[in-house]
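# Examination of the molecular architecture
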Amino acid sequence: MKIKERANRFYDTSRYGYPQIRVYHRKGFGKKNPRYLLKCGCCEEKVEIYVVSN
């Protein structure tokens with residue numbers, strides 16, 4: 001299986017050869033809540049998860 005070499009694509013070829021999900025974390029400050037950002041390795045889809053604290 002030939003994988004296209006692109007700068008913004010991440011594939012885990014050591015295990016299964018599937019796109020790798022990238023995880024980012026941002027700390028909360030001021031009135032902004034902390035969040036996790038999950039980005040797909042093969043496209044520009046993303047999901048933001050905000051941690052709400054009381």
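Refer to the structure presented above.
Here is a short report on the structure shown in this document. None of these values were measured; they are calculated from a predicted model. (Residues numbered from 1 in each chain as written. Predicted model: local features only at pLDDT ≥ 70, side-chain atom pairs only at ≥ 80, totals over all residues. Heavy atoms only, no water.)

Time to look at the pairing of strand S5 (residues 46-50). Where strand S4 (residues 35-39) and S5 come together, 5 bridges link them in antiparallel fashion. The residue bridging Leu 37 from the neighbouring strand is Glu 48, located in S5. Two successive antiparallel strands, S4 and S5, enclose a turn made up of 6 residues. (Pairing = 2+ DSSP bridges. Helix = DSSP H or I, 4+ residues; strand = E, 2+ residues; numbered from the N terminus.)

Here the focus is a nonpolar patch on the surface. On the surface, a cluster of nonpolar side chains totalling about 530 Å² of accessible area is made up of Ile 21, Val 23, Tyr 36, Val 47, Ile 49 and Val 51. Among the structural elements, Tyr 36 can be located in strand S4. Overall, the relative accessible area of 37% leaves Tyr 36 in the partly exposed class. (Patch = residues over 30% accessible without salt bridge, like charges linked within 9 Å, V, L, I, M, F, W, Y side chains within 5 Å. Areas by Shrake-Rupley, 256 points an atom, 1.4 Å probe, with all protein chains shown as cover. Salt bridge = Lys/Arg side-chain N within 4 Å of Asp/Glu carboxyl O. Buried < 20%, exposed > 50% of the residue type's maximum accessible area, 1.4 Å probe, protein only.)

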